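Architecture at a glance
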Amino acid sequence: MSIIDAAPTAIHRSEAELPFVDTGDGNHLQLLQVDLANGVWVVRNRFEPGTTLQIHKHTGHVYAFTLAGSWHYLETPDAVNTAGSYLYEPAGSVHTLHVPETNEGLTDVWFAIYGANLNLDADGNVEMVIDAQAIHAFYLAFCEAQGVTDPPVVVIG
């Protein structure tokens, strides 16, 4: 057996295989992959114009790539992400994602998130922890509510 024959194969998912679920807050979520052992999760979000997510803190770093639309953090309104923009968020960063009301159509962003997302209240207290396990359970529940059972999320660990 050659090294090529023994190599693991790539895992492919088409956009249609993993549904976007409406989370009810202007966010349509598609979970692409979770690495449960290492706490990494990869999502694609489509945000409606005017969407503002809860202020949150990241325990690990985040990579983001914008495919369509525009968005920024309320804390840094001059740093606008548009189609083709790349953003790196260091561990410990705190921000409030906002999609301008003036956007036409959905804003489409891909995120790779290491660690947890700590949703904070106005006083900086943690209200919710979203990590790889939580987002996986959350996504599966929303899929089931939309009539999709066992979506083929890439699950490692």
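Above this note sits the structure.
Keep in mind that this is a model prediction, so the values were computed, not measured.

Reading the values: rules and limits
- Residues numbered from 1 in each chain as written.
- Predicted model: local features only at pLDDT ≥ 70, side-chain atom pairs only at ≥ 80, totals over all residues.
- Heavy atoms only, no water.
- Core = buried A, V, L, I, M, F, W, Y, C linked by side-chain atoms within 4.5 Å.
- Buried < 20%, exposed > 50% of the residue type's maximum accessible area, 1.4 Å probe, protein only.
- Helix = DSSP H or I, 4+ residues; strand = E, 2+ residues; numbered from the N terminus.
- Contact = heavy atoms within 4.5 Å.
- Pairing = 2+ DSSP bridges.
- Polar contact = N/O pair within 3.5 Å; in protein donor to acceptor, adjacent residues only side chain to side chain.

A look at the nonpolar core
- Core analysis: the largest hydrophobic core is formed by 25 residues, its most contacted members being Trp41, Val43, Trp71, Leu97, Phe111, Ile135 and Tyr139.
- When residues of this core are traced back to their parent elements, those giving at least two are strand 2 (27-35), strand 3 (40-47), strand 5 (62-68), strand 6 (70-73), strand 11 (107-114) and helix 2 (132-145).
- Of all the elements, helix 2 adds the most residues to this core, at four residues.
- Excluding residues that lie within four positions of it along the chain, Phe111 makes contacts with Trp41, Val42, Val43, Asn45, Phe47, Val62, Tyr63, Ala64, Trp71, Glu89 and Leu97.

Looking at the sheet that holds strand 10 (residues 97-98)
- Strand order in the open sheet made by the three strands is 7-6-10, with antiparallel pairing throughout. The open sheet has two edge strands with one neighbour each: strand 7 (76-82) and strand 10.
- Here two bridges tie strand 6 to strand 10, and the two strands are oriented antiparallel to one another. Looking at the pairing, Tyr73 lines up with Leu97 of strand 10.

Quick look at the environment of Arg44
- Within the fold, Arg44 resides in strand 3.
- For Arg44, a relative accessible area of 15% gives the class buried.
- A C-alpha to C-alpha distance of 17 Å links Arg44 and Ala141, two positions 97 residues apart in sequence.
- When sequence neighbours within four positions are dropped, the list of residues in contact with Arg44 reads Glu15, Phe20, His28, Leu29, Gln30, Leu32, Leu67, Asp108, Val109 and Trp110.
- Within the structure, Arg44 has its side chain in polar contact with the side chain of Glu15 (distance 3.0 Å).

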